[in-house]
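Notes for the structure review
Next come the chains, spelled out residue by residue.
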Amino acid sequence: MVDTVDRELRELGIGSRVVRWTGAGGEAVVFPFHVLTGRLEGNTLDIGLSFQEASYPEYPPHFIHVRGLDATRQTRHSEHEFEGTMWWTFSAPPSDFWDALDPSQKNMRTYVRRHLLRFLDGL
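Here is a short report on the structure shown in this document.

Parameters at a glance
- Per chain, residues are indexed from 1 in the order of the written sequence.
- Only residues with pLDDT of at least 70 are given local features in this predicted model, and only at 80 or more are side-chain atom pairs given and counted; all residues enter the totals for whole chains, interfaces and linings.
- Here the side-chain values reflect all heavy atoms present in the structure, with hydrogen atoms and water set aside.
- Secondary structure elements are defined from DSSP: runs of H or I of at least 4 residues count as helices, runs of E of at least 2 residues count as strands, and each element is numbered from the N terminus.
- Throughout, radius of gyration means the C-alpha value; the globule benchmark is 2.2 Å times the number of residues raised to the power 0.38.
- Should any heavy atoms of two residues lie within 4.5 Å, those residues are considered in contact.
- By the counting rule applied here, Lys and Arg register as positive and Asp and Glu as negative, while His and the ends of each chain are not counted.
- Just so you know, the charge point we use is NZ for Lys, CZ for Arg, CG for Asp and CD for Glu.
- The salt bridge definition used is simple: a Lys or Arg side-chain nitrogen within 4 Å of an Asp or Glu carboxyl oxygen.
- Summary of the burial criterion: residues with accessible area below 20% of their type's maximum are buried, those above 50% are exposed, and those between are partly exposed, where the area comes from a 1.4 Å probe applied to protein chains only.

1. Notes on the overall build of the protein chain
- The number of helices and strands found in the protein chain is two helices and six strands.
- Taken from the N to the C terminus, the helices and strands of the protein chain come in the order α-β-β-β-β-β-β-α.
- Taken against the 2.2 N^0.38 rule, which gives 14 Å for 123 residues, the C-alpha radius of gyration of the protein chain at 13 Å falls within 12% of a compact globule.
- The dimensions of the protein chain, computed from C-alpha atoms along their principal axes, are 40 × 30 × 25 Å.
- Within the protein chain, contacts between residues separated by at least 24 positions form 46% of all contacts whose residues are at least 6 apart in sequence.
- In the protein chain, which carries 13 positive and 17 negative side-chain charges, the distance between the mean positions of the two groups comes to 3 Å.

Written out as structure tokens, the structure is:
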């Protein structure tokens, strides 16, 4: 599951890697991501994606982890330490649109464009 997400992100040109950690999901895909809008526009954040359900692509990543934030407008689910820094975890499933997608659209391209970008805009 995380291997599939990792592969799909790499196909989009996003340099990701699979990690094990104590944060929600226990295993995640992490990658640097350049923020395009919102109060953090122009910053590159380390992002992690992990799952609550083990059935990707039917169920997309549920948790979005962000390293090194000092403030947010979003409600945090939890926090954890990884590689010497604090990561904040947000429960952020894209269920408002994901369930209605054609199976061919359930992929990281759609997740990044329609969900991750709007999540980061709201940080």
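2. Considerations on the pattern of salt bridges
- Evaluated as defined, the whole model comprises seven salt bridges.
- In this structure, R7 engages E11 in a salt bridge whose closest nitrogen and oxygen atoms are separated by 3.1 Å. Of this pair, R7 and E11 both sit in helix α1 (residues 2-11), four residues apart, roughly one helical turn.
- Take R7: its relative accessible area is 43%, and that puts it in the partly exposed class.
- Residue classification places E11 among the exposed residues on the basis of a relative accessible area of 56%.
- In this structure, R118 engages D96 in a salt bridge whose closest nitrogen and oxygen atoms are separated by 2.6 Å. Remark: D96 occurs in the loop between β6 (85-91) and α2 (108-121) and R118 occurs in helix α2; sequence separation between them is 22 residues.
- Taking relative accessible area as the criterion, R118 reaches 38% and is therefore assigned partly exposed.
- Judged by its relative accessible area of 56%, D96 is exposed.

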